[in-house]
Amino acid sequence: MEFSLFSLVRQAFGGAAWPRQWRDAEPKPAYDVVIVGAGGHGLATAYYLAKEHGIRDIAVLDKGWLGGGNTGRNTTIIRSNYLRDESAAIYEHALKLWETLSQDLNYNVMYSPRGVMMLAHNEHDIRVFKRHVHANRLQGIDNEWLTAEQAKAFCPPLHIGGDARYPVLGAALQRRGGVARHDAVAWGYARAASAMGVDIVQNCEVTGIFRNIEGAVTGVDTTRGTIQAGKVAVVAAGHTSVLMGMAGVRMPLESFPLQALVSEPVKPIMPCVVMSNTVHAYISQSDKGELVIGAGTDSYISYSQAGGLHIASHTLAAVCELFPSFRRLRMLRNWGGIVDVTPDRSPIVGLTPVPGLFVNCGWGTGGFKATPGSGHVFAATVARGEPHPIAAPFSLDRFRTGHPIDEAAAAAVSH
Ligand code: FAD
Ligand code: PYC
């Protein structure tokens, strides 16, 4: 952190352009890279920058505590059964990294490939999921179609009887999908990055982004002072538009609350993950025994870290219809996160119009599963100053050139 004359002058200029004679005398940045956001994606980016690109002069800044954003608030579902080739590539890249992540970080992230099953409740669901099954198999990704009876055999508490309010007509199953422990992912990446020299600064909110007369990024202003940086990488899910606005970049994003809850702990009952987009519910069981249940996004944009109660009530009603034996369970706690959603429901990973400024955002309701892959390709992008081939299709520019990657169905959470 630096409190030099330069930083004071820069602050006086409000982060805008500053005179050439001073720019030429700019000192070496305090950090090669400043990463804004110590969630899983930001910490993974720092880890791979240090490990694979030899860049260790890195600060990861967070306005709260590490992993306290969506990383520590999600329902931990991991899968790669997306529709488009571009998506399959990035989510499968992540899934492969999950398989060895505990060994890589020497930290047990409790990755558990117990299978993710997506229920079809009507003809439209059947067509959509079968299309995904076929697309995935062409992409070399496991996904298979199950009859209702096969779905019940895979997940015995599921009710498939003829009296079901939401009849189960079949399901798509990705056996390699599963869950991991979300906090451990943040802690594992943080510990490993820190051991390589990365500074992680909590309670440090970024309040400004500085640019020089040529428009390039030179650092950030924070609640704990000014920090100079050669490059700035914004990885602040839910708040990306606010941060990018500080550098004068408008983002195609909307922020919504997304909520989840857990039941009181019970003995093992739920052997896999079940998702039902049509009735707005997804459910698994944590290793502590709690049933982990998630809902759809709120209907209105907001920065509140709590979702609407009517959304949670609807989800619980749906869960009780699908799993009648869960009806008598009590809710232990609920919470919300803020997800940033793009028009095509695919992320934005890459360069921005501002030299030295990079962005990783728009994972919406589904970025936990991508954490290792996102950090890996984003680190390469930041280090080289050009998009990693897997990240290239997810450019911000695609909304200008008209190359959306439509994953509305594969997002599998109601919006
Ligand atoms: P975060 O973990 O949110 O990290 C961003 C960080 O930026 C935060 O710690 C925040 O404090 C910090 N920040 C923000 N503004 C500033 C600032 N000005 N200065 C400094 N720091 C700042 N995805 C799945 O794949 N599977 C799921 O099952 C799943 N379930 C979900 C359930 C819920 C209820 C929610 C909310 C999300 C779910 N997601 C799921 C989505 C997933 O959680 C996110 O996409 C992912 O965690 C995003 O990670 P991140 O590291 O980018 O963001
Ligand atoms: O993307 O798989 C997902 C997901 C599940 C719950 C929230 N997001």
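Just above sits the structure.
Thresholds applied
- Residues numbered from 1 in each chain as written.
- Chains lettered and ligands numbered in written order.
- Predicted model: local features only at pLDDT ≥ 70, side-chain atom pairs only at ≥ 80, totals over all residues.
- Heavy atoms only, no water.
- Pairing = 2+ DSSP bridges.
- Helix = DSSP H or I, 4+ residues; strand = E, 2+ residues; numbered from the N terminus.
- Axes fitted to C-alpha atoms, helices over the stretch in contact; angles between N-to-C directions.
- Near = heavy atom within 4 Å.
- Polar contact = N/O pair within 3.5 Å; in protein donor to acceptor, adjacent residues only side chain to side chain.
- Areas by Shrake-Rupley, 256 points an atom, 1.4 Å probe, with all protein chains shown as cover.
- Nonpolar A, V, L, I, M, F, W, Y, C, P; charged D, E, K, R; others polar.
- Phe/Tyr/Trp six-rings, centres within 6.5 Å; stacked < 30°, edge-to-face > 60°.
- Parallel < 35°, antiparallel > 145°, perpendicular 65-115°, else oblique.
- Contact = heavy atoms within 4.5 Å.
- Left-handed = near helix turned anticlockwise from the far one by under 90°.
- Disulfide = S-S within 2.5 Å.
- Salt bridge = Lys/Arg side-chain N within 4 Å of Asp/Glu carboxyl O.
- Buried < 20%, exposed > 50% of the residue type's maximum accessible area, 1.4 Å probe, protein only.

Overview of the sheet that holds strand β4 (residues 116-120)
The eight strands lie next to each other as β5-β6-β4-β13-β14-β15-β12-β16, forming an open sheet whose pairing is mixed. For this open sheet the edge positions go to β5 (144-146) and β16 (331-341), each flanked by a neighbour on one side alone. Neighbouring strand axes in the sheet, compared pairwise and without regard to direction, differ in orientation by 20° on average. In this sheet, strand β6 (residues 170-174) lies alongside β5 in antiparallel orientation, the contact comprising three bridges. Considered in β6, the bridge of Glu144 is made with Leu173.

Observations regarding the site of ligand 2
In the neighbourhood of ligand 2, the contacting residues comprise Thr75, Ile77, Arg79, Tyr82, Met275, Tyr282, Thr365, Gly366, Lys369, Ala411 and Val413. Between Lys369 and ligand 2, the recorded distance is 2.5 Å, taken from a side-chain N or O atom to an oxygen atom. Burial of ligand 2 by the protein amounts to 96% of the accessible area it has alone, namely 240 Å². Grouping the amino acids of the shell around ligand 2 by side-chain chemistry returns six nonpolar, three polar and two charged.

Quick notes on the packing of aromatic side chains
Geometry of an aromatic ring pair is reported as the spacing of the ring centres plus the angle between the planes. In the structure shown here, the tally under the stated rule is eight aromatic pairs. The interplanar angle of 85° and the centroid separation of 5.9 Å between the aromatic rings of Tyr91 and Trp363 together place this pair among those described as edge-to-face. Pair noted here: Tyr91 is in helix α4 (residues 85-99) and Trp363 is in the loop between β18 (357-361) and α11 (371-384), with a separation of 272 residues, a long-range link. One aromatic cluster is present, built from ring pairs that chain together Tyr47, Tyr48 and Tyr189.

A few points about the packing of α4 against α11
Where α4 contacts α11, the two axes come as close as 7 Å, and the packing angle between them is 110°. Viewed along their axes, α4 and α11 adopt a mutual orientation that is roughly perpendicular. Residues Ile90, His93, Ala94, Leu97 and Trp98 of α4 lie in contact with α11, whose contacting residues are Thr371, Pro372, Gly373, His376 and Val377. Within the contact of α4 with α11, the residues separate by chemical class into six nonpolar, four polar and no charged.

Topic: the packing of helix α3 (residues 40-53) against α11
Helix-helix packing is characterised by the crossing angle of the two axes and by the distance between the axes. Contact geometry of α3 with α11 gives a least axis separation of 7 Å together with a crossing angle of 55°. It follows that α3 is oblique to α11 by the angle criterion. As for how α3 packs across α11, the hand of that crossing is right-handed. Seen from α3, the contacting residues are Gly40, His41, Ala44, Thr45, Tyr48, Leu49, Glu52 and His53; seen from α11, they are Thr371, Pro372, Ser374, Gly375, His376, Phe378, Ala379, Ala380, Val382, Ala383 and Arg384.

Quick look at the state of the cysteines
By definition, a disulfide links the sulfur atoms of two cysteines through a covalent bond. Under the counting rule described, the total for this entry stands at zero disulfides. Summary of cysteine pairing: Cys155 is not part of a disulfide, and the nearest cysteine sulfur, belonging to Cys272, is at 3.8 Å.

Re the pattern of salt bridges
All told, the structure shown has 13 salt bridges when counted by the stated rule. A salt bridge links Arg165 to Glu321, with the shortest nitrogen-to-oxygen separation between them at 3.6 Å. With Arg165 in the loop between α7 (148-154) and β6 and Glu321 in helix α10 (residues 309-322), this pair connects stretches of sequence that are 156 residues apart. Residue Arg165 is classed as exposed on the basis of its relative accessible area, which comes to 54%. Measuring nitrogen to oxygen at the nearest pair gives 3.4 Å for the salt bridge that ties Arg181 to Asp183. On the basis of relative accessibility, which here comes to 30%, the residue Arg181 falls in the partly exposed class. Residue classification places Asp183 among the buried residues on the basis of a relative accessible area of 19%. When salt bridges that share partners are traced, they join Glu92, Lys96, Glu99, Asp142 and Arg176 into one network.

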